[in-house]
Amino acid sequence: LLVVKIGGAAGVDPSRVCTDVAALVHRGRRIVLTHGGSASVDELAGALGVPQRELLSASGVRTRHTDPATLRVLQLALLGEVRPAVLGELGRAGIRAVGLSGLDANLLRAERRAAIRAIIDGRRVLVRDDHSGRITSVDGGLLRLLLDDGVTPVVSPPAVAEDGRPVNANADRIAAAVAVELKARTLVFLTAAPGLLADPADPASLLAEHALGDETPKMGGGMGVKLIAAREALRGGVETVIIADGRTEDPVTRALDGGGTRLR
Ligand code: ADP
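Residues numbered from 1 in each chain as written. Predicted model: local features only at pLDDT ≥ 70, side-chain atom pairs only at ≥ 80, totals over all residues. Heavy atoms only, no water.

A.B. asks: Before we go on, may I ask you to explain the layout of surface pockets in this structure?
C.D. replies: One way to see where empty space is left: roll a probe the size of a water molecule over the atoms. In this structure, the second largest pocket spans a volume of roughly 230 Å³. In terms of lining residues, the second largest pocket is bounded by 17 residues, among which G7, G8, V12, P14 and V82 are the most central. Sorting the residues of the lining of the second largest pocket by element identifies α2 (38-48) and α3 (68-92) as the ones contributing at least two each. In terms of residues, the lining of the second largest pocket owes the most to one element, α3, which gives four residues. (1 Å grid on protein atoms, 1.4 Å probe; cavity = no way out; pocket = protein on both sides within 12 Å on 5 of 7 lines; lining within 4 Å. Points joined across faces, edges and corners; volume = space filled by probe spheres on them. Helix = DSSP H or I, 4+ residues; strand = E, 2+ residues; numbered from the N terminus.)

Here it is as structure tokens:
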């Protein structure tokens, strides 16, 4: 089984990813797709005049401040814009696919973060209106049921909290949790970079391999969280975790053929 996470940043073209995924599914591969949609959320938030803020945790990880207005925008963007784009591409390629958020049959359960210690504009603050959480369980049975019937699941935030209400959860960590739950052999993160770069400003500095340590990776643009998710997947038993370019032709096939960065 293969889990593919489609990057949400601008530049990653869902149509190329889906054409490639469809070809692999037609050849008999079982694939679960997951997606976020940061560019789509940012664009819709801008159009609706909902200001966006980043929280910087004490350990150096950046996340979106999901206040109530942002949670609303996030659901509109992911479930109303990104998902139909992905399902449309898969459908055109002749694939039966189903879009699921964590709210569908409680697929993704999360523990709501009560109050977040964060750094905003250099000041330490306690954020109380953040609707986000950490994934605690994935309903693998539902995903296997779909896969066994030849259906490709397309999974995205939000997750569902203990109180039955939606919470934002990081899509990379959702992909990792899904891969662990389904005992996937391979997890591919497609993003708007050639892979993990030694120097983020130099696309030629691609690392073919990278060993993850215990320390929290301090990297910009969501790469730090991606490495945390990769580590969760590897420690959960996923054999191969790859970060690869989502902007190319046949991005999944290229990643499986040795493109991008293999994490250890
Ligand atoms: P996605 O939406 O694909 O999950 P993110 O924006 O969350 O992507 O994170 C990937 C981005 O992180 C890359 O597009 C790149 O701009 C940035 N980045 C920061 N540091 C690095 C690095 N060392 N190597 C590659 N990309 C990096």
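And the narrative resumes.
A.B. asks: Sorry if this is basic, but what is going on with the site of the ligand here?
C.D. replies: Near the ligand you find 20 residues, and of these K5, G8, T191, G221 and K226 are the closest. Between the ligand and the protein, one listed contact pairs an oxygen atom with a side-chain N or O atom of K226 at 2.5 Å. Burial of the ligand by the surrounding chains reaches 81%, relative to a free accessible area of 570 Å². Those elements that place two or more of their residues in the shell around the ligand are β13 (186-191) and α6 (223-235). Tallied by class, residues from the shell around the ligand come to nine nonpolar, eight polar and three charged. (Near = heavy atom within 4 Å. Polar contact = N/O pair within 3.5 Å; in protein donor to acceptor, adjacent residues only side chain to side chain. Areas by Shrake-Rupley, 256 points an atom, 1.4 Å probe, with all protein chains shown as cover. Nonpolar A, V, L, I, M, F, W, Y, C, P; charged D, E, K, R; others polar.)

A.B. asks: I keep staring at the sheet that holds strand β3 (residues 54-57) and nothing clicks. Help me out?
C.D. replies: Strand pairing in a sheet relies on backbone hydrogen bonds, with the paired strands running either antiparallel or parallel. In space, the four strands of this open sheet follow the order β4-β3-β7-β8, with antiparallel pairing throughout. Since the sheet does not close on itself, it has two edges, and those belong to β4 (62-64) and β8 (123-127), each with one partner. Pairs of neighbouring strands in the sheet enclose a mean axial angle of 45°, with direction left out of account. As defined by bridge partners, strand β7 (residues 116-120) adjoins β8 across five bridges and the pair is classed as antiparallel. Within β8, the position partnered with I116 by the bridge is V127. (Pairing = 2+ DSSP bridges. Axes fitted to C-alpha atoms, helices over the stretch in contact; angles between N-to-C directions.)

A.B. asks: I'm lost on the pattern of salt bridges in this one. Help?
C.D. replies: Note on pairing: side chains with opposite charge can pair once their charged atoms come close. Under the counting rule described, the total for this entry stands at 17 salt bridges. For the salt bridge of E249 with R16, the shortest nitrogen-to-oxygen distance reads 3.5 Å. Residue E249 is located in the loop between β15 (240-245) and α7 (251-256), and its partner R16 is located in helix α1 (residues 14-26); the two are separated by 233 residues in the primary sequence. Residue classification places E249 among the partly exposed positions, given a relative accessible area of 43%. We note a salt bridge from R62 to E54, for which the minimum N-O separation is 3.1 Å. Its relative accessible area of 46% is what places E54 among the partly exposed residues. (Salt bridge = Lys/Arg side-chain N within 4 Å of Asp/Glu carboxyl O. Buried < 20%, exposed > 50% of the residue type's maximum accessible area, 1.4 Å probe, protein only.)

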